[in-house]
Amino acid sequence: MPTKKPKRTTSVSNTIRLSLFWAIVILAALAMWAFFSPHQPLKDVPISQVIKDANEGKLAKIEGRGNDLKITVKDQDKPTQASYINGGVGTLLREGTLNNKGRAVISDSAPSDNTIMWNILTFVIPVVLIGILFMFMMRQAQGQNSQAMSFGKSKAKLYGLDKERIKFEDIAGNDNAKQDLEEVVDFLKHPKKYQGLGAKIPKGVLLVGSPGTGKTMLARAVAGEANVPFFSISGSEFVEMFVGVGASRVRDLFQKAKKNSPAIIFIDEIDAVGRKRGSGMGGGHDEREQTLNQILVEMDGFDSDTNVIIIAATNRADVLDPALLRPGRFDRHVTISLPERKDREAILKVHFKNKPTDDSVDLDKLAAKTAGSSGADLANMANEAAIIAARRDSKVITNDDLTEAFEKVAIGPERKAKVMNDHEKELTAYHEAGHAIVGHVLPDSDPVHKITIIPRGGTGGVTWFLPPEDKSYTSVYEYKDILARAMGGRIAEKLKYGDDGVTTGAGSDLRSATQIARDMIIEQGMGSKLRNQVFHEDNGGLMFDKMTRERPYSDATATEIDKEVEALITEAARRAELVISHNIPVLEKLKDALLEHETLEEDAASKYMAKAVLPKEAALHK
Ligand code: ADP
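Residues numbered from 1 in each chain as written. Predicted model: local features only at pLDDT ≥ 70, side-chain atom pairs only at ≥ 80, totals over all residues. Heavy atoms only, no water.

Under the annotation held in an unreviewed UniProt entry, the protein carries the name ATP-dependent zinc metalloprotease FtsH and is attributed to Candidatus Southlakia epibionticum. In its Subunit (unreviewed entry) section, the UniProt record describing the protein reads: "Homohexamer." Per UniProt, the protein has the following entry under Function (unreviewed entry): "Acts as a processive, ATP-dependent zinc metallopeptidase for both cytoplasmic and membrane proteins. Plays a role in the quality control of integral membrane proteins." (UniProt positions renumbered as here; feature names shortened; annotations may be inferred.)

This is the structure in structure tokens:
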């Protein structure tokens, strides 16, 4: 994050706001005074009377201002009469009508102090008030990110050479990516070395990886290592409602970066603007395409000695427009994968560095359990553990806090307040016991890690299987066991309460089972008839593309796919039913244990299931 000294800024703006407030109050008070201050009403007299009185020596003073006269009678200190003469008091004197020898003091166009004040107040106050109002509105508009004032400016954040600079050593794991990016650091540091040999410095590097794997961190670390400024913007920030804004933001961003060269431009979520150009339907498309074109134009426009490198991040490289990826643009791809066990431990260590833990904390064990978690997930777990410990009013984090944090992040927080009646509780216990037994006896399933009938996240209960070690591949046998154990819950309900006694509790199991079965057929070529062929149809296009594009296979194949999916699910249900019906006593025992303890950890659960058997008909291989 940029170091912006936010406190100072707020106190300055507070002072400005306070002084504006007082200025308005004071001006308003003055205006009120001006309106309501006691002006003695003057008596209107005809001009003939004034001339007569003046000539008779009855008046002390005649003040003329324009055509208006104010008359002070002798022995009075203020004017008490008013009159009117076309051409002003001077006309009277010039025409000799006013024979004023030594009598009244006559002053022409000499407004009194009061009148000056009055004029100031009536003319100046509204102007000042309108000015203040205008300033206020301007400040408000600027407060909202200066949207109105700087529409075409890029909103890139500049992370300069400050203390927050991060280096490769702050990033745990990701060794391959770091190695690839070392090269980029060298380009930025020693461009001459490469230019001397006639080599062109690459312009674009694409980081591809799941969300939270540390792409932003890596890009910042490249800037940190090379000691150059880092302009960061998200793809979606280019695109506004108005056509042309994105392109002008791109121009502005590249201009800024060139001025600060050598520099790095980081475009996060480049897929927001860089998707394949195509159907051209809808205004949004036009805007996106213009923005993308501008990026391409800017990248082509770089001279070979403009030392600016653009790093873009995405988790969908497959949806990007090929024009972005061709040589001379984002031609270097760095893939960032989810961390392996030792990297997960290293990441956890980084995030527990400044957190007090007691001796029970076992980060290696947590690393083993968190296969599939990203760096951001692990950082989140570390933070949750600290929050849980703080809520217990503890000064140190214990392993229990860690476990709770892990479970909270992985499957959602416990919902102890959710009330279930006795029947629902029993049904949940049967349901979870069904999952557990099927998973426990099938040879290619991961072992049971935990069973609980306390509602968590959006579920009524959870049976949790964890792989003992990281796996890169999944076999058909493993997939089929996953499907069977997913069906275990519904089957246990059916065996206990009859065909129509089953509930909506199995909804999410069935959804995920169907999804897995479809993936097996469509993505992995694992059908029995449709083997070794994939039917991938999503190229990440937008809504319109999907609606207008034909499926890449025939209707007959679509029917075949549906049949294959159905066969997988039916087989899974049959195997689950075989397993559970052969293990009814174990099911009852596990259900009772769950009703009593609500949660069973790995060891306790396997003890209750020790007598479970695998019926021969449910086995897929010896
Ligand atoms: P991405 O850009 O890939 O979505 P980020 O770079 O924003 O991910 O990472 C999000 C957070 O995850 C980081 O702020 C950091 O706390 C944590 N993180 C991710 N990967 C790592 C890592 N390898 N080492 C340390 N922390 C990491």
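The positions UniProt marks with the feature "active site" (unreviewed entry) are E432. Within the fold, E432 resides in helix α17 (residues 422-441). For E432, a relative accessible area of 5% translates into the label buried. Apart from residues no more than four positions distant in its own chain, E432 is found in contact with I451, T452, I453, G461, V462, T463 and L594. (Helix = DSSP H or I, 4+ residues; strand = E, 2+ residues; numbered from the N terminus. Buried < 20%, exposed > 50% of the residue type's maximum accessible area, 1.4 Å probe, protein only. Contact = heavy atoms within 4.5 Å.)

A separate point is the site of the ligand. Residues in close proximity to the ligand total 15 residues, the closest being A172, G212, K215, T216 and H351. Note that a nitrogen atom of the ligand is positioned 2.7 Å from one of the backbone N or O atoms of A172. T213 is positioned such that a nitrogen or oxygen atom in its backbone is 3.3 Å from an oxygen atom of the ligand. Taking 560 Å² as the accessible area of the ligand by itself, protein coverage stands at 79%. (Near = heavy atom within 4 Å. Polar contact = N/O pair within 3.5 Å; in protein donor to acceptor, adjacent residues only side chain to side chain. Areas by Shrake-Rupley, 256 points an atom, 1.4 Å probe, with all protein chains shown as cover.)

Before going further, it helps to spend a moment on the pairing of strand β2 (residues 59-65). Two strands pair when backbone bridges link them, and β2 and strand β3 (residues 68-73) are joined in this way by six bridges, in the antiparallel orientation. When the sheet's bridge partners are listed, K61 is paired in β3 with T72. Hairpin connection from β2 to β3: two residues lie between these consecutive antiparallel strands, with G66 at a positive phi of about 65°. Pairing analysis gives four bridges linking β2 to strand β5 (residues 105-108), with the strands arranged parallel. Residue pairing for β5: I62 is matched across the bridge by I106. (Pairing = 2+ DSSP bridges.)

With 20 residues, α17 extends 28 Å from end C-alpha to end C-alpha; this agrees with the ideal 28 Å at 1.5 Å per step. The buried fraction of α17 is high, at 14 of 20 residues. The backbone nitrogen of H423 has a side-chain oxygen 3.2 Å away, supplied by the residue at the start of α17, namely N421. (Expected span 1.5 Å × (residues − 1).)

Our focus in this paragraph is the packing of α17 against helix α22 (residues 584-597). Where α17 meets α22, the closest approach of the two axes is 8 Å, and the angle between their N-to-C directions is 125°. Between α17 and α22, the interaxial angle falls into the category oblique. For α17 against α22, the interelement crossing comes out right-handed. Note on element contacts: α22 touches α17 through V586, L587, E588, L590, K591, L594 and L595, opposite K425, E426, A429, Y430, E432, A433, G434, A436 and I437. (Axes fitted to C-alpha atoms, helices over the stretch in contact; angles between N-to-C directions. Parallel < 35°, antiparallel > 145°, perpendicular 65-115°, else oblique. Left-handed = near helix turned anticlockwise from the far one by under 90°.)

The next thing to look at is the packing of aromatic side chains. Aromatic ring pairs are described here by two measures, namely the spacing of the ring centres and the angle between the planes. Applying the stated criterion across every chain, the model contains five aromatic pairs. Where F406 meets W464, the ring centres are 5.1 Å apart and the plane angle is 25°; that geometry is what we call stacked. Of this pair, F406 sits in helix α16 (residues 399-411) while W464 sits in strand β13 (residues 462-465), placing them 58 residues apart in sequence. Owing to a relative accessible area of 10%, W464 belongs among the buried residues under this scheme. On the basis of an interplanar angle of 80° and a centroid distance of 6.0 Å, the ring pair of Y430 and Y497 is categorised as edge-to-face. With Y430 in helix α17 and Y497 in helix α18 (residues 476-497), the pair connects residues that are 67 residues apart, well separated along the chain. Judged by its relative accessible area of 5%, Y430 falls in the buried class. (Phe/Tyr/Trp six-rings, centres within 6.5 Å; stacked < 30°, edge-to-face > 60°.)

Pairing is antiparallel in the open sheet, where three strands are placed in the order β13-β12-β14. Only two strands of the sheet have a single partner each, and these edge strands are β13 and β14 (599-601). Geometrically, the sheet is characterised by an average inter-axis angle of 10° between neighbouring strands, direction not taken into account. Sheet strands touched by α16: β12 (448-452) and β13. Its angle to β13, the strand with the most contacts, is close to 105°.

The next point concerns the side chain of N174. Within the fold, N174 resides in the loop between β6 (157-159) and α5 (175-189). N174 gets classed as buried once you look at its relative accessible area, which sits at 15%. Residues in contact with N174, not counting those within four places in the same chain, are T213, L218, I336, S337 and D343.

Counting residues in hydrophobic clusters, the biggest one holds 49 residues, and the most contacted among them are I437, M487, I561, L590 and M609. Looking at this core, the elements with two or more residues in it are α17, β12, α18, α19 (507-522), α21 (555-581) and α22. For this core, the element with the most residues is α21, which contributes 11 residues. The contact partners of I437, leaving out residues within four places of it in the chain, are V579, N583, V586, L587, L590, M609 and A612. Core analysis: the next-biggest nonpolar cluster, separate from the first, contains 27 residues, V184, V205, A219 and I309 among them. (Core = buried A, V, L, I, M, F, W, Y, C linked by side-chain atoms within 4.5 Å.)

This part is about the packing of α5 against helix α7 (residues 215-226). Relative to each other, α5 and α7 sit at 40°, their axes nearing to 9 Å. When the axes of α5 and α7 are compared, the pair comes out oblique. In terms of crossing hand, the pair formed by α5 and α7 is right-handed. Note on element contacts: α7 touches α5 through L218, V222, E225 and A226, opposite A177, K178, L181, V184, V185, L188 and K189.

Below, the discussion takes up a nonpolar patch on the surface. There is a patch of nonpolar side chains on the surface, built from L18, F21, W22, V25, I26, L30, W33 and M117 and spanning about 790 Å² of accessible area. It is helix α1 (residues 6-36) that contributes the most residues to the nonpolar patch, seven residues altogether. Position of W33 among the secondary structure elements: in helix α1. Given a relative accessible area of 45%, W33 falls into the partly exposed group. (Patch = residues over 30% accessible without salt bridge, like charges linked within 9 Å, V, L, I, M, F, W, Y side chains within 5 Å. Salt bridge = Lys/Arg side-chain N within 4 Å of Asp/Glu carboxyl O.)

Let us look at unusual backbone geometry. Note on backbone geometry: most residues besides glycine have negative phi, and most peptide bonds are trans. A positive phi is found at D75, a non-glycine position, where the angle reads about 70°. Note on placement: D75 falls in the loop between β3 and β4 (81-84). With a relative accessible area of 82%, D75 lands in the exposed category. Phi is positive for N227, which is not a glycine, with a value near 60°.

As for its position among the elements, D362 is in the loop between α13 (341-352) and α14 (363-369). In this structure, the C-alpha to C-alpha distance between D362 and L402, residues 40 residues apart in sequence, is 8.7 Å. When neighbours within four sequence positions are excluded, D362 is seen to be in contact with N399 and L402.

A word on the pattern of salt bridges. By the definition in use, this model includes 30 salt bridges. Between R326 and D300 there is a salt bridge, with its nearest N and O atoms 3.8 Å apart. Residue R326 is located in the loop between α12 (322-325) and β11 (332-336), and its partner D300 is located in helix α11 (residues 283-301); the two are separated by 26 residues in the primary sequence. Relative accessible area serves as the criterion here: at 37%, R326 is assigned to the partly exposed category. Relative accessible area serves as the criterion here: at 37%, D300 is assigned to the partly exposed category. Two residues, E560 and K529, come together in a salt bridge whose shortest N-O distance is 3.7 Å.

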